[in-house]
Amino acid sequence: MSYQKEQEVAELAVQRAAILTKKVFHEKAKGTLSKNDSSPVTIGDFGAQALIIAAIKSNFPNDEVVGEEEASSLREDTNLRDQIWELVKGTSLSDSKAEDILGGPIASMYAMLDAIDAGNSAGGAKGRIWALDPIDGTKGFLRGGQYAVCLALMVDGDVKVGVLGCPNLPVDDSVALTADSGVDQTDEEGKGVLFSAVFGQGATSRPLTSVGMGERKAIQMKSVSDLSQATFCESLEAGHSSHSDQSAIASKLGVTKPSVRMDSQAKYGSIARGAGDIYLRLPTSATYREKIWDHAAGDLIVREAGGEVTDSLGRRLDFSKGRILAENKGVVAAPAAIHSHVLSVVKEVMEAKK
Ligand SMILES: Nc1ncnc2c1ncn2[C@@H]1O[C@H](COP(=O)(O)O)[C@@H](O)[C@H]1OP(=O)(O)O
Ligand SMILES: [Mg+2]
């Protein structure tokens, strides 16, 4: 299967949803969201989920979707519902041919609520299932920093298509990450990149604004010959991964640069394009299980760019276990050539803690 149509629909749908999230952010920044309004995250999440699921369902009506949100609260909160509908109604691509590919605008507010609710798949090992995170990295989104609109298609439990829209990353793949890449007030004109991969066909990037137009550009992870010069990424939120374990691992690896702390799957995209090298996500709790929508697209994009992605015990991320990664703990992503070395140090540090 070439998954050409799926990739095209996913890219355009992510682009359209990203435009909506930007609108919400700017309304917040301008102060046009009234005090009584819900958080921009809530508004953006629902709106982006509606636009993406509507596009999937109009092209692939039998596919299932695992989405983060469901609409029951919206059916009760008419104020919020109307506000989201205004936004969804008013967001379309400027390219009408591309908009047609997505199935055009959503027909009514009730169709919008139904689209949101269609993200209720239980996931699993059989069939075609999309995993959607409409706004990944909510803290980053709120501060005008890094966040991502994330969409992946799994077929019988394997990720076949992955798309990440990162509205606040630089377009240029060659801009190396620095320690403050994830905390800069990066919301400004001229930013935004879309990463995309199909299983067996490599990973690409292009400006988020030119989706549907120009060519995709192939991306590759950087080869790391000297770990002391390597850059590693981790969550900005200390609650999402163990900064102390990651710092111990980095220093054992000989990494000398400070970590790049960044919200969202923008980390996967950044290492896939060679702007950084390694992504470490060591669990902070024994009971938390990662959600499939937080990793599916990034996992494929990194692997297709020449990387390897496992959990902290060296197991491939297993997306066939339902809505969560039930059989995995943490994430270790690195170029294939050094992944086993990185993993051995991860295991050493984790063993030493026992
Ligand atoms: N204890 C935790 N460990 C790991 N990830 C978490 C934890 N709590 C929340 N998350 C998830 O981390 C994701 C963001 O990752 P990052 O730190 O890389 O930006 C969010 O989608 C969030 O899920 P949720 O949206 O359910 O809170
Ligand atoms: Mg998320």
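Basis of the calculations
Every chain is numbered independently, its residues counted from 1 as its sequence is written. Just so you know, chain letters begin at A and ligand numbers begin at 1, following the order they were written in. Restriction of local features to residues with pLDDT of at least 70 applies here, the model being predicted, together with a cutoff of 80 or more for giving and counting side-chain atom pairs; totals for whole chains, interfaces and linings are based on all residues. Based on all heavy atoms of the structure, the side-chain values leave hydrogens and waters out of the count. UniProt positions are given in the numbering used here, feature names are shortened, and annotations may be inferred rather than shown by experiment. Strands are runs of DSSP state E lasting at least two residues, helices are runs of H or I lasting at least four, and both sets are numbered from the N terminus onward. Radius of gyration means the value over C-alpha atoms here, while the globule rule gives 2.2 Å times the residue count to the 0.38 power. Per-residue accessibility takes into account occlusion by the displayed protein chains alone, with areas from the Shrake-Rupley method and a 1.4 Å probe. This count recognises Lys and Arg as positive and Asp and Glu as negative, with His and chain-terminal groups excluded. Here the site of a charge means atom NZ of a Lys, CZ of an Arg, CG of an Asp or CD of a Glu. Distances are taken per atom, and a residue is near a molecule or strand as soon as one of its heavy atoms is within 4 Å of it. Here a polar contact is taken to be a pair of N or O atoms separated by no more than 3.5 Å, where protein atoms must pair a possible hydrogen donor with a possible acceptor and residues adjacent in sequence count only if both atoms sit in side chains. The rule for pairing is simple: two strands pair if DSSP sees at least two bridges between them. Fitted lines through C-alpha atoms give the axes, limited to the stretch in contact for helices. The angle between two N-to-C directions lies from 0 to 180 degrees. Any two residues having at least one pair of non-hydrogen atoms within 4.5 Å are treated as being in contact. Roughly parallel refers to an angle under 35 degrees, roughly antiparallel to one over 145, roughly perpendicular to one between 65 and 115, and oblique to any angle outside these ranges. Note: crossing handedness is left-handed where the near helix turns anticlockwise from the far helix by less than a right angle, and right-handed where it turns clockwise. Ten residue types, Ala, Val, Leu, Ile, Met, Phe, Trp, Tyr, Cys and Pro, are classed as nonpolar, four, Asp, Glu, Lys and Arg, as charged, and the remainder, Gly among them, as polar. Three labels apply to residues, based on accessible area from a 1.4 Å probe with only protein chains included: buried if under 20% of the type maximum, exposed if over 50%, partly exposed otherwise in between. The aromatic pairing rule takes the rings of Phe, Tyr and Trp, using the six-membered ring of Trp, and pairs them if the centres are within 6.5 Å, calling planes under 30 degrees apart stacked, those over 60 edge-to-face and the rest tilted. The criterion for a charge sitting over a ring is simple: Lys NZ or Arg CZ within 6 Å of the ring centre, and within 35 degrees of the ring normal.

Where an unreviewed UniProt entry is consulted, the chain appears under the name 3'(2'),5'-bisphosphate nucleotidase, with the organism given as Calycina marina. Among the UniProt annotations of the chain, the heading Sequence similarities (unreviewed entry) holds the following wording: "Belongs to the inositol monophosphatase superfamily." Of the chain, the UniProt comment under Function (unreviewed entry) reads exactly: "Converts adenosine 3'-phosphate 5'-phosphosulfate (PAPS) to adenosine 5'-phosphosulfate (APS) and 3'(2')-phosphoadenosine 5'-phosphate (PAP) to AMP."

With that settled, consider the overall build of the chain. Across its full length, the chain carries 11 helices and 12 strands. For the chain, whose C-alpha radius of gyration is 19 Å, the value lies close to the compact-globule estimate of 20 Å for 354 residues. Summarising its shape, the C-alpha atoms of the chain cover approximately 55 × 45 × 40 Å along the three principal directions. Just so you have it, the chain exposes about 14,000 Å², and 51% of that area is on carbon and sulfur atoms. When the 39 positive and 48 negative side-chain charges of the chain are each reduced to one mean point, those points stand 2 Å apart.

Here we come to the site of ligand 1. In the vicinity of ligand 1 lie 13 residues, with Ser-235, His-240, Ser-264, Lys-267 and Arg-281 positioned nearest. Within the side chain of Ser-235, a nitrogen or oxygen atom sits 2.6 Å from an oxygen atom of ligand 1. A distance of 2.6 Å separates an oxygen atom of ligand 1 from a polar atom in the backbone of Ser-264. When ligand 1 is considered free in solution it has 560 Å² of accessible area, and contact with the protein chains removes 78% of it.

With that out of the way, let us pick up the sheet that holds strand β7 (residues 217-219). On the basis of which strands lie adjacent, the open sheet formed by 7 strands has the order β1-β2-β3-β4-β5-β6-β7 and mixed pairing. With partners counted over all chains shown, the strands left at the sheet margins are β1 (64-67) and β7, one partner each. For this sheet, the mean angle separating the axes of adjacent strands, direction not counted, is 20 degrees. In the sheet, strand β5 (residues 193-198) pairs with strand β6 (residues 203-207) via 5 bridges, with the strands oriented antiparallel. In the sheet register, Leu-194 faces β6, and the bridge partner there is Arg-206. In the packing of helix α2 (residues 40-59) onto the sheet, contacts are made with β1, β2 (128-136) and β3 (148-155), and the angle to β2 comes to roughly 155 degrees.

This next bit is on the packing of helix α1 (residues 4-30) against α2. In the contact formed by α1 and α2, the axes pass within 9 Å of each other and the chain directions differ by 160 degrees. The angle between α1 and α2 places the two elements in the roughly antiparallel class. The two elements α1 and α2 meet at a crossing, and its hand is right-handed. For the pair α1 and α2, the contacting residues are Lys-5, Val-9, Ala-13, Val-14, Arg-16, Ala-17, Leu-20, Thr-21, Val-24 and Lys-28 in the first and Pro-40, Ile-43, Gly-44, Gly-47, Ala-48, Leu-51, Ile-52, Ala-55 and Asn-59 in the second. By residue class, the composition of the contact of α1 with α2 is 12 nonpolar, 4 polar and 3 charged.

In the numbering adopted here, UniProt assigns the feature "binding site: Mg(2+)" (unreviewed entry) to Glu-68, Asp-133, Ile-135, Asp-136 and Asp-294. The annotated residues occupy 227 residues of the chain but converge on a single region, no pair of C-alpha atoms lying more than 9.9 Å apart. Along the chain, Asp-136 falls in strand β2. Turning to its location among the elements, Asp-294 is positioned in the loop between β10 (278-281) and α10 (296-304). The buried category is assigned to Asp-294, whose relative accessible area is 14%. When near neighbours in sequence (up to four residues on either side) are disregarded, Asp-294 contacts Asp-133, Asp-136, Gln-265, Tyr-268 and Tyr-288.

A full pass over the atoms with the stated rule returns 4 aromatic pairs. Ring centres 6.1 Å apart and planes at 65 degrees place the aromatic pair Phe-25 and Phe-141 in the edge-to-face group. Within this pair, whereas Phe-25 is found in helix α1, its partner Phe-141 is found in helix α7 (residues 138-142), the two being separated by 116 residues in sequence. With respect to burial, Phe-25 and Phe-141 carry one shared label: buried. Here Phe-141 and Tyr-147 contribute two aromatic rings whose centre-to-centre distance is 4.9 Å and whose plane-to-plane angle is 75 degrees, an arrangement assigned as edge-to-face. The same class applies to Phe-141 as to Tyr-147, namely buried. Of note, Arg-128 hangs over the ring of Phe-60, and the distance from its end group to the ring centre comes to 5.1 Å.

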